[in-house]
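Here are the chains, one letter per residue:
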Amino acid sequence: MNETNNPISEINIEIFSPQKRLKLRHIEKKNENEMEVDTDQDEIYKSRRLMIPGQSIAKEGEYLKGHGTFHFDGNLIASVCGNIERVNKLVSVRAFKSRYNGEIGDIIVGRITEIQGKRWKVDVNARQDYFLMLSAINLPGGIQRRRTSSDELQMRNLFVENDLVYAEVQQIMGDGSVAIHTRNLKYGKLQNGCFLKVPSNLMKRSKMHFHSLDECGVDVILGLNGYIWIADTEQQRKQQAFIQKHERENFDQPLVLPEDHKEITKESRERIARIKNSISLLAEGFMVIHPKSIMQVYKQSIKMALSAKDLLHPEYIRQITTYLSTLPLENDSNLDMHEYPEEQ
Amino acid sequence: MTNTRNDGRLNNQIRAFESEQSLLNKADGSARFTQNKSSVLAAVYGPIEVKNSRKQKILKSLIEVSFTPSVGNTTYLDKEKELLIKNALESIILTTLHPRTQISIIFQVFSDDGSIISCAINAACLALLDAGIEMQGLIGSVTLCYNHDKSIYLDPTAQEEKECKSLSVIAYGSQSSQIIMNKTEGTLSMDLYFKSLPLSKEACDKVISYIKLAVKNRIMGTISTNTTSTTIES
Amino acid sequence: MEAFQKIHPLEFYRKFLQRSVRPDGRSLNDIRKTSISTGAITTACGSSFVKIGNTSVICGIRSEVGIPSFENTDQQTNIFVNLELGPICSNIYSSTKPSEQAMSLSSKLNSLVKRLDIPKEDFYFDQEGKVLWYLYVDIYCLDYDGNIMDASILALISSLKNVKLPRGIIENTNEYYKDTEQLRSLQINHYLFPLSFSIIEDFILSDPSNQEEQLSTSNLTITLNENFEICLLSYSGIKPISETILQESFEKLKNRIEYLKSLIDSAQEH
């Protein structure tokens, strides 16, 4: 019975060093020491601070609560593990990893999971599957006409389960469900290429999401939800021309792509593989993904005479990410890196 | 008068913790929690679309727990563990923020040397933090065993669990000093039970501070390990 | 009034709970009428039937012989409990998939039975104990109106006390003969007294009905034996619970122990 009165003796704590590490980029390097000491709970520093769920940020009335916070017992408390961000009176805590949150106008790549009545359900790495309504696509033939019941019965001819679509977020309904559309010639089904998934936090909103990397002859679509599509430029152009011709002339017949349109040479396959591994390298190093950084990694890998698969090796990943972090930050408005954590 | 146990610990010593986070690529969050020979991996997927639409809840997120033992198929014992863990986690996850979605937490036991439910709950807490799911606070859990000679062992091994008179799994949160989950079995006097509650609270607090430390260590990193062995070819 | 109950069940209940009553007229601490009867199933070696309010549970025990297990524990390894919640008791349960709730309750009942301290000699088939009796306890819920745990525990302990096992002899190492004239019962000196609570908002309700269980945020089941020792304590729920509420619950259970003991004993006398 004596044991219950004793305080618990020292517990041996061993922290196994994790292999994947998220390092915060310290904006002002002299604040390094401040970051490690977790003392003052009342003030919010302008630089980033790590919050843990249950940790109190401030008293209830001082700030407006944004995402990742909630009120409890007169205090404003963080609900996720992440950085505090403050914009005037609005305080929010942004988690390092979270599911994609769609906004209207976002360009995304999605995968069809289900065919329902008059709509498809599309998986976009968000909290729920998004809807692609039958009325939100371009029917073959290009004519603007009413969707009839025979269209509804022939939905399978357009998109089947596991197809990839390139689309844009159209509308967010009152109950939180999201509708996407492909009502543009550049949107639609993606075929004959390579798919890759990265954390959606690394994708940046920019003017263009479809990038044709001329130096390697590779097309890259960077969906904001973290789904990325890589394909050979030549082949895609031929394919697109064929499809458009088919649409104009004989749209009522099933689309069959001839073999020579599907052909991709060995060299371009190598290039596609290299681009894909460059993107996963950036994802591994938790760096923002956009064409400039992809090309930097690509060029560096060629300079280092690495084969495409060497880019997956942890040693080379470390070398290249270190190299990238030494490159000067460019003053491009597209590259506002202060929003996202990066490797140091 | 403290007796030492088989592995040399004192009665109120917990085994050393080890943890690893973000080990799985596909899962939204994952963590592995090890206490000497008891090791559990927790993977969190969520919030995602509800797979079985009959179970969809309109106002809240559905929490699904799946517990797979290290050896054999899941039995009714594992089902009970699933329900206990599910209720414990449901009390700290803010489920009202994600209505009509599902948060799946999947456990895989690598090795079972006692206190496995506590290990699982602690692993789940780390995995939920990794996944960025909103929580009210952190949760920590310990197991206590009460012996025939009225002594209390904290964090028993499998052998100690078999030999004890009574076993108790308890979970506390970081937000309040109230019990989130408790399951006690065996014969135990009420006095002893209530006397041991502060002990278990303190132990859970230690677990929670370990969890905080592990997360901070992972994210802040130790800056020195970064640039040691890299060469850049010109 | 009925429409209000269907559309806003929580509001409906809250109006009653604020005045410390429940819609069926009970106070928050009142327990429904409990009755126990044993020996209804003659083909089983022990059986009992328990009714708490509208919840009814029937329990039957069958016995088999087998070789002793090699496990060296002082816990009971001869009794296996299985609880089934089928579609007969409620429309929530399906006939094909065993419900998770049933599995979880079976696990709790098994852990209760494991530590019951029945002397090993009671299970001997023959004089030396080369072959043992194994008991399989099957509990079926016939009508589900909440508080299945209490009913099952009472059914379990009553039917175990009701068990009558014949003596036997082994001839030629594999011929077993039962002596059906001489039946003996198990020496179970312990009792199990259960009480379950549901917590709805801040109100603690003893012996919840089905409606109350569905509205509850947390559930607490406690079981004491005749020496006021805790045999099972299970708390799980969405909100945490404080120690004072636990202590109050134990007090409420202590008040009920006399009544339950008399019920179990009188059921045995028949």
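Worth saying up front: this structure is predicted, and the values here are computed from it rather than measured.

Caption draft 1: Spotlight on the sheet that holds strand β2 (residues 46–52) of chain C. All names here are of chain C. An order of β1-β2-β3-β5-β4 is seen for the five strands of this open sheet, with the pairing classed as mixed. The sheet terminates laterally at β1 (34–38) and β4 (79–84), the two strands that pair on one side only. Adjacent strand axes in the sheet meet at a mean angle of 15°, parallel and antiparallel pairs treated alike. Examined bridge by bridge, β4 and strand β5 (residues 132–143) share six bridges and lie parallel to one another. Paired with L83 across the strands is I139, a residue of β5.

Caption draft 2: Quick peek at the nonpolar core. In this structure, B:A42, B:V44, B:A120, B:A123, B:A124 and C:L156 are the most contacted members of the largest nonpolar core, which totals 152 residues. Each residue touching B:A120, except ones within four places of it in the same chain, is listed here: B:V40, B:A42, B:F67, B:I85 and B:F107. The next biggest cluster of nonpolar side chains, apart from the first, holds 50 residues, and it includes A:I107, A:L158, A:V178 and A:V218.

Caption draft 3: Spotlight on the confidence of the model for chain C. Looking at chain C as a whole, the pLDDT averages 86, with 98% of positions reaching at least 70. The complex prediction reports pTM at 0.85, with the ipTM value standing at 0.86.

Caption draft 4: Representation of the sheet that holds strand β6 (residues 82–87) of chain A. Residues and elements named next belong to chain A. Judged by pairing direction, the sheet is mixed, and its four strands sit side by side in the order β1-β6-β7-β3 without closing on themselves. Across the chains shown, the open sheet's two edge strands, defined by having one partner strand only, are β1 (50–51) and β3 (64–65). Of the pairings in the sheet, the one linking β6 to strand β7 (residues 90–95) comprises six bridges and is antiparallel in character. Its bridge partner being in β7, N83 is matched across the sheet by R94.

Caption draft 5: A look at the environment of A:E259. By secondary structure assignment, the location of A:E259 is in helix α5 (residues 259–262). It is 20 Å that separates the C-alpha atoms of A:E259 and A:V218, two residues lying 41 residues apart in sequence.

Caption draft 6: The arrangement of the packing of helix α4 (residues 148–162) of chain C against helix α6 (residues 243–268) of chain C in detail. Residues and elements named next belong to chain C. As a packed pair, α4 and α6 sit with axes 10 Å apart at the nearest point and diverge in direction by 35°. The two elements α4 and α6 meet at a crossing, and its hand is right-handed. Facing α4, whose interface residues are I157, S158, K161 and N162, α6 presents I264, A267 and Q268. When its residues are assigned to classes, the contact of α4 with α6 shows three nonpolar, three polar and one charged.

Caption draft 7: View of unusual backbone geometry. Put simply, B:G46 and B:P47 share a cis peptide bond, and its omega is -10°. Relative to the helices and strands, B:P47 is located in strand β3 (residues 38–49). Even without being glycine, A:N192 reaches a positive phi, approximately 60°. Structurally, A:N192 is set in the loop between β13 (188–190) and β14 (194–197). At B:N36, a residue that is not glycine, the phi angle is positive and equals roughly 55°. Inspection of the secondary structure assignment puts B:N36 in the loop between β2 (29–35) and β3. By C-beta crowding, B:N36 is classed as partly exposed, having 18 other C-beta atoms within 10 Å.

Caption draft 8: Summary view of the environment of A:A126. Residues and elements named next belong to chain A. Considering the arrangement of structural elements, one finds A126 in the loop between β9 (119–123) and β10 (130–133). Each C-alpha atom, one on A126 and one on A241, is 33 Å from the other, the two residues being 115 residues apart in sequence. Filtering out sequence-adjacent residues up to four positions away, A126 remains in contact with R99, Y100, N101, G102 and N225.

Caption draft 9: Expanded view of helix α7 (residues 291–303) of chain A. Residue and element names in this part refer to chain A. The terminal C-alpha atoms of α7 lie 18 Å apart, and with 13 residues this matches the ideal 18 Å at 1.5 Å per residue to within 8%. Of all the residues in α7, the buried ones are S293, I294, V297, Y298, Q300 and S301. Buried residues of α7, viewed axially, fall in a sector of 165°; they line one side. Of the exposed residues in α7, the ones pointing more than 90 degrees away from its buried face are I302 and K303. In this fold, the buried residues of α7 make contact with β16 (218–222), α6 (266–284) and α8 (314–326). Note on α7: the residue one or two positions beyond its end, A305, has a positive phi of about 55°.

Caption draft 10: Here's a closer look at the pairing of strand β8 (residues 107–116) of chain A. Residues and elements named next belong to chain A. Inspection of the sheet shows β8 paired to strand β11 (residues 164–172) by five bridges, in the antiparallel sense. Note that in β11 the partner of R111 across the bridge is L164. Strand direction decides the pairing type here: β8 and β9, joined by five bridges, are antiparallel. Across the sheet, residue R111 finds its bridge partner in β9, namely D123.

Caption draft 11: The environment of C:Q187, seen in detail. Residue and element names in this part refer to chain C. Along the polypeptide, Q187 turns up in the loop between β7 (175–185) and β8 (193–200). Judged by C-beta crowding, with 11 C-beta atoms within 10 Å, Q187 ranks as exposed. Along the backbone, Q187 and P119 are 68 residues apart, and their C-alpha atoms lie at a distance of 7.3 Å. For Q187, the residues in contact, after removing those within four places along its chain, are I118, P119 and D122.

Caption draft 12: Structural detail: the UniProt feature "domain: Exoribonuclease phosphorolytic" (unreviewed entry) in chain B. Residue and element names in this part refer to chain B. Mapped onto this numbering, the UniProt entry gives "domain: Exoribonuclease phosphorolytic" (unreviewed entry) at residues 13–134 and 138–202. What you have in residues 13–134 is 25% helix and 34% strand, and the ends, taken at the C-alpha atoms, are 32 Å apart. Taken end to end, residues 138–202 is 29% helix and 46% strand, and its two terminal C-alpha atoms sit 14 Å from one another.

Caption draft 13: Structural detail: the UniProt feature "domain: Exoribonuclease phosphorolytic" (unreviewed entry) in chain C. In the numbering adopted here, UniProt assigns the feature "domain: Exoribonuclease phosphorolytic" (unreviewed entry) to residues 31–166 and 195–248 of chain C. The span residues 195–248 of chain C carries 22% helix and 56% strand; its end-to-end C-alpha distance comes to 12 Å.

Caption draft 14: Fine view of the interface of chain C and chain B. Across the boundary between the two partners, chain C contributes 28 residues, which contact 29 residues of chain B. Elements with a minimum of two residues in the side of chain C that touches chain B: α3 (100–114), β11 (229–241) and α6 of chain C. Counting residues per element, the side of chain C that touches chain B draws most heavily on β11(C), which supplies 13 residues. Along the lines of polarity and charge, the residues of the side of chain C that touches chain B split into 11 nonpolar, 11 polar and six charged.

Caption draft 15: Inspection of the confidence of the model for chain B at higher detail. Taken over all residues, the pLDDT of chain B has a mean of 86, while the share at 70 or more is 93%. Considering only residues more than four positions removed or in separate chains, one finds that residues 222–234 of chain B, a stretch of pLDDT under 50, has 10 contacts.

Caption draft 16: How the structure looks around the packing of α7(A) against α8(A). All names here are of chain A. In the contact formed by α7 and α8, the axes pass within 11 Å of each other and the chain directions differ by 125°. Comparing their axes, α8 and α7 come out oblique. Two packed elements cross with a definite hand, and for α7 against α8 that hand is right-handed. Contact residues: Q296, V297, Q300 and S301 in α7; I320, Y323 and L324 in α8. A class-by-class count of the residues in the contact of α7 with α8 yields four nonpolar, three polar and no charged.

Caption draft 17: The pairing of β2(C), seen in detail. Residue and element names in this part refer to chain C. Most of β2 is tucked away, with seven of its seven residues classed as buried. Bridge count for β1 against β2 is five bridges, and the pairing is antiparallel. Note on β2: the bridge partner recorded for T34 is I52. In this structure, β2 lies alongside strand β3 (residues 55–66), joined through seven bridges in antiparallel fashion. Among the inter-strand pairings, I52 is bridged to a residue of β3, identified as T55. Linking β2 back to β3 in an antiparallel pair, the connection comprises two residues, with G53 at a positive phi of about 65°.

Rules and cut-offs
- Residues numbered from 1 in each chain as written.
- Chains lettered and ligands numbered in written order.
- Predicted model: local features only at pLDDT ≥ 70, side-chain atom pairs only at ≥ 80, totals over all residues.
- Pairing = 2+ DSSP bridges.
- Helix = DSSP H or I, 4+ residues; strand = E, 2+ residues; numbered from the N terminus.
- Axes fitted to C-alpha atoms, helices over the stretch in contact; angles between N-to-C directions.
- Core = buried A, V, L, I, M, F, W, Y, C linked by C-beta atoms within 7 Å.
- Buried ≥ 20, exposed ≤ 12 C-beta atoms within 10 Å, placed from the backbone.
- Contact = placed C-beta atoms within 7 Å.
- pLDDT = per-residue confidence, 0-100.
- Left-handed = near helix turned anticlockwise from the far one by under 90°.
- Nonpolar A, V, L, I, M, F, W, Y, C, P; charged D, E, K, R; others polar.
- Expected span 1.5 Å × (residues − 1).
- Arc of directions from axis to C-beta.
- UniProt positions renumbered as here; feature names shortened; annotations may be inferred.
- Parallel < 35°, antiparallel > 145°, perpendicular 65-115°, else oblique.

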